[in-house]
Amino acid sequence: MPALSSLTDAPRSSPLVERDPELAAIDRAIAAAAGGEGRTIVVDAAPGLGKTALLDAAEQRTRDAGWLVRRAAHGPRERFFSHGIVRTLLETPLRRLDDGARERAAAGLGGAAARLLLDGEVPEAGPEVGHSVLWLCAALAAERPLALLVDDAQWADAQSLTVLSYLARRIADLPIVLAVATRSRIGDWEPDPVGLLGGVGGGTVLAPGTLGRAAAFELTRRHAPGASDADCRAVHRSSGGNPWLLIELSRQLAIGGPDVLRDPLRHAVPLSPDARVQLRRRLSDVSPADRAVADALAILAAAADHHAVAEIVGAGAGDLTVARGRLAAEGLCAADAWRLAHPLLEAAVRAELGPFERERLHREAARVLAADGAAPELVAEHLLACGPASDPAASAALQEAAARATERGEPELAAALVTRALEERAPGDDRAAILARLGTTAFHAGRSDAHEQLQQALTASRDQATRVEILQRLGALQAIAPTGEWLDGVLAAGDQIDGDDPDLKLAAELAAMDALLTHTDRHAERAERVRAIAPLSTDVPELQAAALAHRAWLGAETGLVEASTCAGLARAALADDALLRLADRRAGFHLCVRVLMVTDRVEDADAAIRALRDSAAESGSIVLAAAAAWYAGDLALCVGRLQEAECEARRAIELAPAPGLVSAASTEVLVGALAERGALDDARAVLDARPELWRGDEGWETGVRHARARLLLAAGEFEQAAEAAREVGERRLAQGRGNPAWTSWRATLAHALAHLGRLEEAAVVADENVALAHAFGAPTALMTALLARTVCEPPGERRAAQAAAALELEAPAVLERAQLQVELGSMLVRLGRRIEARDALRPAFATADAAGAAPLAERARRELVASGLRPRKAALDGVASLTPRQAQVCGLAAGGRSNREIAQELFLSVKTIETHLAAAYEKLGVSGRAELVAALAAAEAEAP
């Protein structure tokens, strides 16, 4: 059977690319031999350039032509098997002859070959056996042309190479093709197949090279059909044009995506079964000493150098250099560096190690690198692959590496490193401090065990200051990702902090208030605690700021303090960025952002959100990134940027998919944006997919319930909308959050009742809503309340007057203003005042159309038609046709960010960013970023 191809030969199933000259030479040799003029072909190439594939082609062509084809390939352990290649090629054909033919072939000059092949009689050195084999080959070729194919000739025994050399010089008048594939000599002790066979008259030496760009692109897309030009370039560059490696990387690209190319160590896909067999064969061909060097290089990877390898394998400099040369000749090692040929091979060699040997080598690597003063990250990388050993040095390296990972914004890695340090259980470790750090990194990484780790740290700690620090982190985590399981423990621990240090006591009290925030059934308890604290009783800025944040929040959620006062408190709390720096361990910053939003301080809220987003990107915190996306989406919805609201909400849900405050609040934003856009089925699908976000009793689901009530209202299901709005109101009042700026459930109820014709009942609800909104003083809440009061009026002059009065109010809520304009315009049309109606309807249509609020835009257009105008239809192309994600990506690209920067900010892959940009370019009719900037600027200039 054909021999296994060498480590870097292309799989048999892959048609050759960029090998036309070599195939043409093979075809010429076959044609000449078929005409009785024998030819010799030597394929000489480094590992990976397709030697075996060319022999495959020769074999297929000659078999198809009806030739007798014989093929042989030996390994390094068969080098000393005398005449081994000759026996493999000719023993079977000779035995298959009938008795008479065999006797004739063995008679005379064929006798020495026959005795070798049939009886195993090894002849003495000399030309006799070569001539005898020639005689036998001539006899076999007399029946039909003969093809002798030898792969991996560098491993052939010297006697066989001598015979083949003899044949090559004497087959010119016989129908025989001799094709030999070989590669560089490994040692001076070996015969050189190229020297013995390549210079023979009538012989051809083929030297296939690496693949060029066009061939690489073709081969890549053959195995990864969806590969982009950038992916193909990356595969070509990484493989160096080596066909086998290129095919393996293409297969990995098809399975694992572009991340495999950017970070093969982290995202590598296992070798294909064929490639793994070839690798194992190559590893078995090298000596144990060389295999030890290969293993050490695979373990050390990029950290490998001559000294480190020598320390691990215990070899001298000279021996290592020779071993590296032998590994390079096998295609395993880079010729110019102390590394294996590719990270793909490093991962594959590591996978071939047994678990105990792999751990031993990783531990040795950690020891050697630490002794050489390597960076803690390099040492820790190996310690992660080892079990604990109660080693203080290992624990210290892991913790230092975790700190650096945190600084780089890699919380997932930091959490893994701290977890491993905790497992080390080294003497002298401060377990409480390590647990606290683990809880913090787990929080940033979005891990579900953050609560548990912090609680364990709290239990283990005896130092009051450390306990307060842990309490603060637990309190913030309770505020963002609440769980009732740990609440009482947090409160009890806070109460145990003694009053000798008033700042510590205040910090513990603030942590307790943070923890109570999302437990709405304990609103009264939290309110009492907030009223009891005195922000100016401490000189610590962050404690003062946190206390102010809680006061601002309490005033805003209840509506008992004017919006201007609440906003002033929030701005004061945010003044020196102390709360921003503590956004991962205190709720204060998040409270201030929400207060600024409900009080209509749009610019202040936007600045705070952007600051939080930058902080999340710098730290790599998934939780903070999700919170920033939620806030940004909610703010965008408030000011009528529906595409942005939808995009940010979806992003927040992607980052924080587990049921909780962020996912619920983001779902509320998403459903609201979809309903405003008229995508009612999509909004229903969102709710149907996450019933746990609006059917439970956790407290954070109330907002989603209100979004559902608004959706029912938009769908014309007024009875269900009224019922749902009443239920939301009952919950909000029980939670102490009666402020209409917090949840406009009264407005929703009034709208539903008005549509049901129950105008008097609707007016009572609306009047209460207006009074509360007026008392709080937030413009958006008041405009929303006045809009609801307007629809409670019967059609006519009073309704028009109500809408006109409401429009005197200045508020950032552009869609509410547009709705009021439509109400006013509609009434004026009915009153016969069509010219006046147009002045209200035109801006309403433009605003709704630009925002993508399709139902409102269509209603405004219908009223404009009723006024005697024929307005255009809503925009269906250009910027308005972009999906929310496309619009977001285009905005960032136009702002000067690179694809990689956009991917990092949005927590997406570069490939996904490229896809969004390509689709957006097509919709906008642009071909690059300069044109994109111009298109977006033009669209913004045309916006109302």
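Each chain has its residues counted from 1, running along the sequence as written. Only residues with pLDDT of at least 70 are given local features in this predicted model, and only at 80 or more are side-chain atom pairs given and counted; all residues enter the totals for whole chains, interfaces and linings. Computation of side-chain values covers all heavy atoms of the structure but excludes hydrogens and water.

Per an unreviewed UniProt entry, the protein carries the name AAA family ATPase and comes from Conexibacter stalactiti.

## A few points about the overall build of the protein
Strands here mean DSSP runs of E at least two residues long; helices mean DSSP runs of H or I at least four residues long; both are numbered from the N terminus. Looking only at helices and strands, the protein features 50 helices and 5 strands. Taken against the 2.2 N^0.38 rule, which gives 30 Å for 944 residues, the C-alpha radius of gyration of the protein at 39 Å runs more than 25% over that of a compact globule. On the principal axes, the C-alpha backbone points of the protein span a range of 125 × 80 × 45 Å. In this scheme, a residue with accessible area under 20% of its type's maximum is buried, one over 50% is exposed, and one in between is partly exposed, where area comes from a 1.4 Å probe on protein chains only. Residues counted as buried form 56% of the 944 residues belonging to the protein. Using a 1.4 Å probe, the Shrake-Rupley method yields the accessible areas, and only the shown protein chains count as cover for residues. Counting every atom, the protein has about 38,600 Å² of accessible surface; 52% of that belongs to carbon and sulfur. For the protein, the separation between the mean place of its 104 positive charges and that of its 130 negative charges on side chains is 4 Å. For this measure, only C-alpha atoms enter the radius of gyration; the expected value for a globule follows 2.2 Å times N^0.38, where N is the number of residues. Lys and Arg are tallied as positive, Asp and Glu as negative. Neither His nor the chain termini are counted. By convention, the point assigned to a charge is CZ for Arg, NZ for Lys, CD for Glu and CG for Asp.

## Let's talk about the packing of helix α15 (residues 288-300) against helix α19 (residues 355-371)
Throughout, an axis means a line fitted to C-alpha atoms (over the contacting stretch in the case of helices), and angles, computed between N-to-C directions, take values from 0 to 180 degrees. Packing of α15 against α19 brings their axes to within 10 Å, and their N-to-C directions diverge by 65°. In terms of their interaxial angle, α15 and α19 are classed as roughly perpendicular. Between α15 and α19 lies a crossing whose hand is right-handed. Across the interface between the two elements, Asp 295, Ile 299 and Leu 300 from α15 touch Arg 358, Leu 361, His 362, Ala 365 and Leu 369 from α19. Each angle is binned into one of four classes, with values under 35 degrees roughly parallel, values over 145 roughly antiparallel, values of 65 to 115 roughly perpendicular, and all other values oblique. Definitions for this section: a left-handed crossing has its near helix turned counterclockwise from the far helix by less than a right angle. A right-handed crossing has that turn clockwise. By definition, residues are in contact when any of their heavy atoms lie within 4.5 Å.

## Examining unusual backbone geometry
The backbone phi angle of Glu 18 is positive, close to 55°, even though this residue is not glycine. Secondary-structure assignment places Glu 18 in the segment before α1 (20-34). Classification of Glu 18 as partly exposed rests on a relative accessible area of 39%. Of note in the backbone geometry, Ser 390 takes a positive phi value of approximately 55° without being a glycine. By secondary structure assignment, the location of Ser 390 is in the loop between α20 (376-383) and α21 (392-407).

## Things to note about the pattern of salt bridges
In what follows, salt bridge is the name for a side-chain nitrogen of Lys or Arg lying within 4 Å of a carboxyl oxygen of Asp or Glu. Summed over the entire model, instances satisfying the criterion amount to 60 salt bridges. A salt bridge links Asp 767 to Arg 789; the shortest N-O distance between them is 2.5 Å. With Asp 767 in helix α41 (residues 759-776) and Arg 789 in helix α42 (residues 779-791), the pair connects residues that are 22 residues apart, well separated along the chain. For Asp 767, a relative accessible area of 38% translates into the label partly exposed. One connected set of salt bridges, linked through shared partners, spans Asp 56, Glu 59, Arg 63, Arg 71 and Asp 151.

## A few points about helix α3 (residues 84-96)
Multiplying one less than the number of residues by 1.5 Å gives the expected span of a helix. With 13 residues, α3 should reach 18 Å at 1.5 Å per residue; the first-to-last C-alpha distance of 19 Å fits that figure. Approximately 35° is the largest bend angle found in α3, and it occurs at Leu 90, with the proline Pro 93 only one to four residues beyond. When we look at burial in α3, the residues that qualify are Gly 84, Ile 85, Val 86, Arg 87, Leu 89, Leu 90, Pro 93 and Leu 94. On its buried face, α3 sits against β2 (68-73), α4 (99-106), α5 (111-119), α6 (127-143), β3 (146-151) and α7 (158-168). Here the bend at a residue means the angle between the axes of two seven-residue stretches, the one that ends at it and the one that starts at it.

## A look at the packing of aromatic side chains
The criterion for an aromatic pair is that two Phe, Tyr or Trp rings (for Trp, the six-membered ring) have centres within 6.5 Å, with stacked assigned to planes under 30 degrees apart, edge-to-face to planes over 60 apart and tilted to the rest. Evaluated as defined, the whole model comprises 2 aromatic pairs. Taking 4.7 Å as the distance between ring centres and 90° as the angle between the ring planes, the aromatic pair formed by Trp 553 and Trp 742 counts as edge-to-face. Of this pair, Trp 553 sits in helix α29 (residues 541-558) while Trp 742 sits in the loop between α39 (718-734) and α40 (745-755); the two residues are 189 residues apart in sequence, bridging distant segments of the chain. Given the relative accessible area of 8%, Trp 553 is considered buried. Its end group placed over the ring of Tyr 166, Arg 170 keeps NZ or CZ at 3.6 Å from the ring centre. Its end group placed over the ring of Trp 338, Arg 324 keeps NZ or CZ at 4.6 Å from the ring centre. Throughout this description, the term charge over a ring refers to an Arg CZ or Lys NZ atom that lies within 6 Å of the ring centre and within 35 degrees of the ring normal.

## A closer look at the sheet that holds strand β4 (residues 176-182)
Spatially, the 5 strands line up as an open sheet ordered β2-β3-β4-β1-β5, and their pairing is parallel. Either end of the sheet is taken by a strand with one partner, and the two such strands are β2 and β5 (203-206). Each adjacent strand pair in this sheet contributes to an overall mean axis angle of 15°, direction not counted. At least two bridges found by DSSP between two strands is the condition for calling them paired. Sheet topology places β2 next to β3; 6 bridges connect them, and they run parallel. Among the inter-strand pairings, Leu 68 is bridged to a residue of β3, identified as Leu 146. Contacting β1 (39-44), β4 and β5, α1 runs over the sheet at an angle of about 160° to β1.

## Re helix α37 (residues 680-689)
Listed in full, the buried residues belonging to α37 are Leu 680, Ala 683, Val 686 and Leu 687. Down the axis of α37, the buried side of the element spans an arc of 120°, and every buried residue falls inside it. Along α37, exposed side chains directed more than 90 degrees from the buried face belong to Asp 681, Asp 688 and Ala 689. On its buried side, α37 packs onto α36 (661-677) and α38 (702-714). Relevant arc is that of directions from the helix axis to the C-beta atoms, nothing else.

## Points about the nonpolar core
Nonpolar cores are built from buried Ala, Val, Leu, Ile, Met, Phe, Trp, Tyr and Cys residues. Side-chain atoms within 4.5 Å join them into one set. One finds Leu 297, Val 309, Leu 579 and Phe 589 to be the most contacted residues of the largest nonpolar core, which totals 211 residues. The dominant element in this core, judged by the number of residues it contributes, is helix α34 (residues 622-638), at 13 residues. When sequence neighbours within four positions are dropped, the list of residues in contact with Leu 579 reads Glu 542, Ala 545, Ala 546, Ala 549, Ala 573, Leu 574, Gly 588, Phe 589 and Cys 592. Leu 134, Leu 164, Leu 174 and Leu 197 belong to the second-largest nonpolar core, a separate cluster that totals 38 residues.

## Side note on the state of the cysteines
Throughout this description, disulfide means a covalent bond between two cysteine sulfur atoms. We call a pair of cysteine sulfur atoms a disulfide when they lie within 2.5 Å. Evaluation of the coordinates by the stated rule reveals 0 disulfides. For Cys 638, which is in no disulfide, the shortest distance to another cysteine sulfur is to Cys 566 and amounts to 16 Å. Residue Cys 638 is classed as partly exposed on the basis of its relative accessible area, which comes to 31%. Unpaired in terms of disulfides, Cys 890 finds its nearest cysteine sulfur in Cys 647, a separation of 11 Å.

## Some remarks on the pairing of β1
Examined bridge by bridge, β1 and β4 share 6 bridges and lie parallel to one another. Its bridge partner lying in β4, Thr 40 is registered against Leu 178. Sheet topology note: the β1/β5 ladder contains 4 bridges and is parallel. Each bridged residue has a counterpart across the sheet, and for Thr 40 the counterpart in β5 is Gly 203.

## Side note on the packing of α37 against α38
Relative placement of two packed helices is described by the angle separating their axes and the distance separating the axes. Following both chains from N to C, one finds α37 and α38 inclined at 150°, their axes separated by 11 Å at the closest point. For the element pair α37 / α38, the angle class is roughly antiparallel. In the packing of α37 onto α38, the handedness of the crossing is left-handed. Each of Leu 680, Ala 683, Arg 684 and Leu 687 in α37 lies in contact with α38, whose residues at this interface are Val 704, Arg 708, Leu 711 and Ala 714. Classifying every residue of the contact of α37 with α38 gives 6 nonpolar, no polar and 2 charged. In this classification, Asp, Glu, Lys and Arg are treated as charged, Ala, Val, Leu, Ile, Met, Phe, Trp, Tyr, Cys and Pro as nonpolar, and every other residue, Gly included, as polar.

## What to know about the environment of Leu 422
Tracing the backbone through its elements, the reader meets Leu 422 in helix α22 (residues 411-424). Accessibility expressed as a relative area gives 12% for Leu 422, which makes it buried. Separated by 166 residues in the primary sequence, Leu 422 and Gly 588 place their C-alpha atoms 30 Å from one another. Other than its neighbours up to four places away in sequence, Leu 422 contacts Arg 431, Ile 434, Leu 435 and Leu 438.

## A word on the confidence of the model for the protein
The quantity known as pLDDT measures the predictor's confidence residue by residue, on a range of 0 to 100. Per-residue pLDDT for the protein has a mean of 86; in total, 94% of the residues score no lower than 70. Confidence, read as mean pLDDT per element, is least for helix α13 (residues 264-267) in the protein (64) and greatest for helix α30 (residues 563-573) (97). Note that pLDDT drops below 50 for residues 1-14; the model gives that stretch 49 contacts with residues more than four away or on any other chain.

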